Amino acid sequence: AQNASAAPVILTTSRAQLVGQSKAGKSIPEKAEKVRDRVQKELEDEAQKLNKEIEDFQKNASLMSEEVRQQKQQELAMRSQYGLPQQAQIMEQAFSAAVQQAQSKILVESQPIIADIIENRGATVVLDRASVMYAATETDITQEVLSALDKKLDEVEVEQISLAQIMKQLEDAQQAQRDAANNN
């Protein structure tokens, strides 16, 4: 325990460098790109599926009753105008969340390392270097943390996401909201 009258010992570290320069952090872009490619393929498949439905509708529209034709036309227009762009936006958000989750794993793994350094140096405060205007170089523990982190963790996974999985989660959440509203 620190003596209350002792001057605080302040250390700094760069969370951005811990994520960007660690072995684990360097493994994220390649893995994220594979996830993004898969997501992009799923969205392209959905667009092709919708285009096929539109073609089929156009071929068979004359065989439908006026009411059924208008209903199907509205449904396809809504899916084309709102459905696909909304799915793309949802998938982009899910992709960003998956990358952020992978990055936060690195920061979580760095915490015990930082705690050990704090204890060894008798520090009272550790600040992110991005929040500090000036700090003497000897207060920066980033390289020390990176060295220990690279021994502990050499890669992190980027969560695989799929359109079907995300849409199911959205449907479940919407159903839960409806159920909660009905119970009130």
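Residues numbered from 1 in each chain as written. Predicted model: local features only at pLDDT ≥ 70, side-chain atom pairs only at ≥ 80, totals over all residues. Heavy atoms only, no water.

## Considerations on the nonpolar core
Counting 30 residues, the largest nonpolar core has Ile28, Met91, Ile106, Val145, Val156, Val158 and Ile161 as its most contacted members. Of all the elements in the fold, those that place two or more residues in this core are helix H2 (23-60), helix H3 (66-121), helix H4 (142-152) and helix H5 (163-183). In terms of residue count, the dominant contributor to this core is H3 (11 residues). Ile28 has contacts with Val99, Ala102, Gln103, Ile106, Val156 and Val158, leaving out every residue within four places of it along the chain. (Core = buried A, V, L, I, M, F, W, Y, C linked by side-chain atoms within 4.5 Å. Buried < 20%, exposed > 50% of the residue type's maximum accessible area, 1.4 Å probe, protein only. Helix = DSSP H or I, 4+ residues; strand = E, 2+ residues; numbered from the N terminus. Contact = heavy atoms within 4.5 Å.)

## Considerations on the pattern of salt bridges
Going through the model one piece at a time under the given rule, you end up with 17 salt bridges. Notably, a salt bridge pairs Lys152 with Glu109, separated by 3.3 Å at the nearest N-O pair. A residue pair is termed long-range when its members are at least 10 positions apart, and Lys152 in helix H4 and Glu109 in helix H3 qualify at 43 residues. Measuring nitrogen to oxygen at the nearest pair gives 2.1 Å for the salt bridge that ties Asp140 to Arg129. One end of the pair, Asp140, is in the loop between strand S2 (125-128) and H4; the other, Arg129, is in the loop between S2 and H4, and 11 residues separate them in sequence. The exposure class assigned to Arg129 is partly exposed, which follows from its relative accessible area of 32%. Where salt bridges share partners, they join Glu53, Lys72, Glu75 and Arg79 into one cluster. (Salt bridge = Lys/Arg side-chain N within 4 Å of Asp/Glu carboxyl O.)

## Observations concerning the side chain of Gln87
Relative to the helices and strands, Gln87 resides in helix H3. Taking relative accessible area as the criterion, Gln87 reaches 15% and is therefore assigned buried. The contact partners of Gln87, leaving out residues within four places of it in the chain, are Leu43, Glu46, Leu163 and Met167.

## Section: the confidence of the model for the protein
Across the protein, the average pLDDT comes to 90, with 97% of residues at 70 or higher. Ranking the elements of the protein by mean pLDDT puts H5 last with 84 and H4 first with 97. (pLDDT = per-residue confidence, 0-100.)

## With respect to the environment of Val68
Relative to the elements of secondary structure, Val68 occurs in helix H3. Its relative accessible area of 42% is what places Val68 among the partly exposed residues. Sequence separation of Val68 and Ala32 is 36 residues, and the distance between their C-alpha atoms is 43 Å.

## A short note on H2
Across its 38 residues, H2 extends 57 Å between first and last C-alpha, which sits within 8% of the 56 Å expected from 1.5 Å per residue. Along H2, the sharpest change in direction is near 25 degrees and occurs at Pro29. Looking at H2, one finds that the buried residues are Ala24, Gly25, Ser27, Ile28, Lys31, Ala32, Val35, Val39, Leu43, Leu50 and Phe57. If you follow the buried residues of H2, they end up packed against helix H1 (15-21), H3 and H5. (Expected span 1.5 Å × (residues − 1). Bend = angle between axes of the 7 residues up to and from the residue.)

## Concerning H3
For H3, which comprises 56 residues, the first-to-last C-alpha distance of 80 Å matches the rise-based estimate of 82 Å (1.5 Å per residue) to within 8%. Taken as a whole, H3 carries its principal kink of about 40 degrees at Arg79. Residue Gly122 follows H3 closely and has a positive phi angle near 65 degrees.

## Thoughts on the packing of H3 against H5
Following both chains from N to C, one finds H3 and H5 inclined at 100 degrees, their axes separated by 10 Å at the closest point. Classed by the angle they form, the pair H3 and H5 counts as roughly perpendicular. Counting all contacts with H3, which are made through Gln87, Ile90, Met91 and Ala94, the residues of H5 involved are Leu163, Ile166, Met167 and Leu170. Residues that form the contact of H3 with H5 fall into these classes: seven nonpolar, one polar and no charged. (Axes fitted to C-alpha atoms, helices over the stretch in contact; angles between N-to-C directions. Parallel < 35°, antiparallel > 145°, perpendicular 65-115°, else oblique. Nonpolar A, V, L, I, M, F, W, Y, C, P; charged D, E, K, R; others polar.)

## Remarks on the packing of H2 against H3
The N-to-C vectors of H2 and H3 enclose an angle of 175 degrees; their axes lie 10 Å apart at closest approach. Here H3 runs roughly antiparallel to H2, going by the angle between their axes. For the contact of H2 with H3, the per-class residue count stands at 18 nonpolar, five polar and eight charged.

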